[in-house]
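Observations on the model geometry
One letter stands for each residue in the lines below.
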Amino acid sequence: MQIANNKVVYIHYTLKNDAGDTLDSSDGGAPLAFLHGSGGIIKGLESALEGKSSGDKLEVVVEPEEGYGASHPEAIQQVPKSAFQGIDDLAVGMRLQAETADGAVPIKVTAIEDDIVTIDANHELAGERLHFAVSVESVRDATEEEISHGHVH
Ligand code: ZN
């Protein structure tokens, strides 16, 4: 069975960055399941998998525009340390939820200098070219319920 819209697809994958560092992998766990055509995985990977079948292995390079988007400078902000009251162990690399008018946004602390904290609300993989090694484990028809919900059950 070939991968097409409204098929449920199970893949094993390893994701590396340009430097060859492994960022994520399904190795040793359950395969990743997604409903093809529902936007459940990034666009560049979904379109590369179109028409593939169980047992196929492929290497896919996804540019940021088809992945997690460009890194936006306006998502990087400097805020006074006093905005982090109640957080005793504030440190570079820490991930927090920022309360904004649009709801909670995940941010990362990227620098602390004196009383100024630099935070970055870009997706962790924004601006990265993604290198996927994928093997298609199985493909099946989605159920009516899965199609109406837009995800795998
Ligand atoms: Zn559901």
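Numbers given for residues are sequential positions, taken from 1 along each chain in its written order. Confidence filtering applies because this is a predicted model: local features only for residues at pLDDT of at least 70, side-chain atom pairs given and counted only at 80 or more, and all residues used for totals across whole chains, interfaces and linings. Side-chain metrics in this entry use all non-hydrogen atoms of the structure; hydrogen atoms and water are not considered.

1. Digging into the environment of Ala-126
To keep things clear, this is the line we draw: What counts as a helix is a DSSP run of H or I of at least four residues, what counts as a strand is a run of E of at least two, and both are numbered from the N terminus. Working rule for contacts: check all heavy atoms of both residues, and any pair within 4.5 Å makes them a contact.
Tracing the backbone shows Ala-126 in the loop between strand 8 (116-120) and strand 9 (130-141). Excluding residues that lie within four positions of it along the chain, Ala-126 makes contacts with Tyr-68, Gly-69, Ala-70 and Ser-71.

2. Points about the domain arrangement of the chain
Formally: Here the bounds of each domain stem from an automatic or database domain assignment.
The domains assigned to the chain are domain 1 (7-68 + 125-149) and domain 2 (73-120). One C-alpha centre belongs to domain 1, the other to domain 2; they are set 31 Å apart.

3. Let's talk about the pairing of strand 7 (residues 103-113)
Definition in use: We treat two strands as partners when DSSP finds at least two bridges between them.
Here strand 6 (residues 95-100) runs beside strand 7; their pairing, made up of six bridges, is antiparallel. Residue pairing for strand 7: Glu-99 is matched across the bridge by Ala-104. Turn length for the strand 6-strand 7 hairpin, with the two strands adjacent in sequence and antiparallel, is two residues. Two strands pair when backbone bridges link them, and strand 7 and strand 8 are joined in this way by five bridges, in the antiparallel orientation.

4. Some thoughts on the coordination of the zinc ion
Note the threshold: The donor definition counts N, O and S atoms within 2.8 Å of each metal and applies 3.2 Å to Na, K and Ca; water is not among these atoms, so some sites may look incomplete.
Around the zinc ion, the protein contributes the donor atoms His-149 (ND1), His-151 (NE2) and His-153 (NE2), which lie 1.9 to 2.2 Å from the metal centre. Each donor residue of the zinc ion belongs to the same chain, with the gaps between them written as H-x1-H-x1-H.

5. Side note on the pattern of salt bridges
Convention followed: Note on definitions: salt bridges are taken to be side-chain nitrogens of Lys or Arg within 4 Å of carboxyl oxygens of Asp or Glu. Accessible area is worked out with a 1.4 Å probe on protein chains only. A residue is then buried under 20% of its type maximum, exposed over 50%, and partly exposed in between.
Scanning the entire structure with this criterion turns up six salt bridges. Put simply, Glu-146 and Arg-140 hold a salt bridge, and the shortest N to O gap is 3.0 Å. According to the relative accessible area criterion, Glu-146 is buried, its value standing at 2%. Among the residues examined, Arg-140 registers a relative accessible area of 27% and is labelled partly exposed. Overlapping salt bridges, with partners in common, bring together Asp-18, Glu-63 and Arg-129 in one network.

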